[in-house]
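Spelled out from the first residue to the last, the chains are:
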Amino acid sequence: MSIPWYHKTSIYHIYPRSFLDSNGDGIGDIQGIIQKLDHIRDLGFEAIWSSPFFSSPQADFGYDVSDYKSISPEFGTLDDAFQLIEEVHKRGMHIIFDLVLNHTSDEHPWFKESRSSRNNPKADWYIWRDKPNNWNSMTGGNGWHYAKERGQYYWCSFLSFQPDLNWRNPEVKQTMFDIARFWLQKGVDGFRLDIFNTIYKDAEFRNNPFTFKLAPTPDDPSGYFQKAQYSQDQPESFELAKELRQVTEEYGERLTVGEITAKRNIVRKFAGEEENDGLTLAFDFEMLEFKFTAEYFRKLIADIETHFHPPFMPVYVFSNLDKRRSIHRLGDDVRKAKLLHMLQLTVRGVPCMYYGEEIGMSNLKLPFNTALDPIPHKYTFAPRFIFDMLDITVNRDEVRTPMQWNTEKNAGFSTAEKTWLPVHPNYIHVNVESESKDEDSLLNTIKSLMKFRNENSAIKEGSFEFIDGFPANVLGFKRSLNGQTFLVLLNFDEAAKDVHLKFEKTVFRLTVQDEAQGETAHLNGFGGLILTA
Ligand code: GLC
């Protein structure tokens, strides 16, 4: 049985402000993305997700929308967005837009109207209360903010300028569904859904209970000594996943991928109970804090396979716009990054790669007090080393620096004197042009892995089974489809390892020292092999 395209695709995530600046203002834009579509196609990715470029005061760089049907001028025009859709399709790829359904900007005309009085036509479009309850926002601190015009408080799951919409108001729901339809009609192939599990809150606004948990983690939004029991994961949000699935399917097979910060069983519930009739995909963020050992990945994959067995499909993602870049977690060791991506591109799941991850772009350490990202300004009271010790990226500017295309001015990202964020100084050697010329680069390794994936449906959609009994720190699994079986061997150890198994022939080697003969596979330190069975 053939599986839908969105379960065998591969996603390249663009942060549009930082991808390519086509008009020299120091900010990336839609025409810039269009100019670089061939880079993404040549890498082998089949789908592109762009972070938002809709009209917005840019207080949270596009995650604060003030009009969902127009484009912020620094990114271009509606025609540019339509052209982007067309150009992506011309190359046989899919395009996914980022939909922020939970909240708007406080500069959205709906909010301005809603705030103006207690009895205007939009009075009930946001969440208004005479008295706040004890809920904390996801970024820490009280999430209720006072509006003197109404003498009431409005609720913000995220930051104070991102008021939450009231989804219990049918007009709101209808309007947001129609916005989705507007873009689907224009040809968009699906949506990444921002903080999807916070959309509904408890109808009675019960206080959240106490917990000892200090900070939210990728698998649990509870933190700041509060369990997020009534402010997240409400039953109506699971229903919404199904309703939204129906809206998108009015236009055929469309991808929906939810940003869900929750335990794996809850993430799965957003995709459906028995059938995959909710969101088609959901991010699983535990792995953003991966440990580089075979044991860690063995456990992770086993648990993912338990929850996301067919007909569900997991997503494998190691970097995004909010968390540390994957190579940074690996101490900037390119050998380790190659192995990590070999796992990502051969395991059963949809891989999602963040722009620049293919060349090994790393975090750029930047001070909190001059950050453009609003979050670090809430935390300037605490010494930086505490966050570093806890491995938390508070200043998201550090993972959003301009894409490194070549060794020219601003790494080829922009001709401006000053780019919106500084370019990482390592662009001199970490850039697309230099790495394309080096056969052994991370970029070329990812390219050949993608090619292998795209040419072999057993990797894209085949079954998954662990191969056990290997030496410590070696991970092995089988991918099979229609009588074809691949054996994938990954050595997470610095030391070389020999593995005994029966196989037919070698079809992929990660390093030149990886080789298999007779019944022995020799894996180099951080090496990897794909064999046929
Ligand atoms: C998501 C986005 C993040 C944004 C937030 C509020 O977590 O990934 O960048 O700031 O939602 O919309």
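Heads up: the structure comes first, above all this text.
Residues numbered from 1 in each chain as written. Predicted model: local features only at pLDDT ≥ 70, side-chain atom pairs only at ≥ 80, totals over all residues. Heavy atoms only, no water.

A.B. asks: What is the right way to look at the overall build of the protein in this model?
C.D. replies: The helix and strand tally for the protein stands at 14 helices and 21 strands. On C-alpha atoms alone, the protein measures out to a radius of gyration of 23 Å, which is about the 24 Å that the 2.2 N^0.38 rule sets for 533 residues. Its C-alpha atoms put the protein at 80 × 55 × 50 Å along the principal axes. Looking at the 533 residues of the protein, the share that counts as buried comes to 63%. Put simply, of all contacts in the protein between residues at least 6 apart along the chain, 66% involve residues at least 24 apart. Accessible area for the protein stands at about 20200 Å²; split by element, carbon and sulfur atoms hold 50% of it. Side-chain charges in the protein split into 60 positive and 76 negative, and the spacing between the mean points of these groups amounts to 2 Å. (Helix = DSSP H or I, 4+ residues; strand = E, 2+ residues; numbered from the N terminus. Rg over C-alpha atoms; globule rule 2.2 N^0.38 Å. Buried < 20%, exposed > 50% of the residue type's maximum accessible area, 1.4 Å probe, protein only. Contact = heavy atoms within 4.5 Å. Areas by Shrake-Rupley, 256 points an atom, 1.4 Å probe, with all protein chains shown as cover. Lys, Arg positive; Asp, Glu negative; His and termini not counted. Charge placed at Lys NZ, Arg CZ, Asp CG, Glu CD.)

A.B. asks: Looking at this model, I keep getting lost on the site of the ligand. Mind explaining?
C.D. replies: The immediate surroundings of the ligand are formed by 13 residues, with Asp 60, Asp 194, Glu 259, Asp 322 and Arg 396 found nearest. In the model, an oxygen atom of the ligand is placed 2.8 Å from a nitrogen or oxygen of the Glu 259 side chain. Contact distances for the ligand include 3.4 Å between an oxygen atom and a side-chain N or O atom of Arg 400. Here the ligand has 300 Å² of accessible area as a free molecule, and 97% of this is covered by the chains. Taking a 2 Å distance to the grid points as the criterion, the majority of the atoms of the ligand fall inside the largest pocket. A breakdown of the residues in the shell around the ligand according to their chemical character gives four nonpolar, two polar and seven charged. (Near = heavy atom within 4 Å. Polar contact = N/O pair within 3.5 Å; in protein donor to acceptor, adjacent residues only side chain to side chain. 1 Å grid on protein atoms, 1.4 Å probe; cavity = no way out; pocket = protein on both sides within 12 Å on 5 of 7 lines; lining within 4 Å. Sits in = over half its atoms within 2 Å of the grid points. Nonpolar A, V, L, I, M, F, W, Y, C, P; charged D, E, K, R; others polar.)

A.B. asks: Looking at this structure, how should I read the packing of aromatic side chains?
C.D. replies: For any pair of aromatic rings, the description rests on two quantities: the centre-to-centre distance and the angle between the ring planes. Taken as a whole, this structure holds 48 aromatic pairs when the rule is applied. Here Phe 196 and Phe 270 contribute two aromatic rings whose centre-to-centre distance is 5.8 Å and whose plane-to-plane angle is 85 degrees, an arrangement assigned as edge-to-face. In this pair, Phe 196 sits in the loop between strand E9 (190-193) and helix H6 (235-249) while Phe 270 sits in helix H7 (residues 264-271), placing the two residues 74 residues apart along the sequence. Across the pair, exposure class does not vary: Phe 196 and Phe 270 are buried alike. Taking the centre distance of 5.4 Å and the plane angle of 75 degrees together, the rings of Phe 290 and Phe 318 count as edge-to-face. Taken together, the residues Phe 290 in the loop between strand E11 (281-282) and helix H8 (294-307) and Phe 318 in the loop between strand E12 (315-317) and helix H9 (326-329) connect sequence positions 28 residues apart. With a relative accessible area of 6%, Phe 290 lands in the buried category. A relative accessible area of 0% places Phe 318 in the buried class. (Phe/Tyr/Trp six-rings, centres within 6.5 Å; stacked < 30°, edge-to-face > 60°.)

A.B. asks: It is not clear to me how helix H4 (residues 109-116) should be interpreted in this structure. Could you clarify?
C.D. replies: Owing to its 3.6 residues per turn, the α-helix aligns residues three or four sequence positions apart on the same side. Considered for burial, the residues of H4 that qualify are Trp 110, Phe 111 and Ser 114. Buried residues of H4 fall within an arc of 90 degrees about the axis and therefore sit on the same side. Of the surrounding secondary structure, the elements contacted by the buried residues of H4 are strand E4 (67-71), strand E6 (128-129), strand E8 (152-155) and helix H5 (170-185). (Arc of directions from axis to C-beta.)

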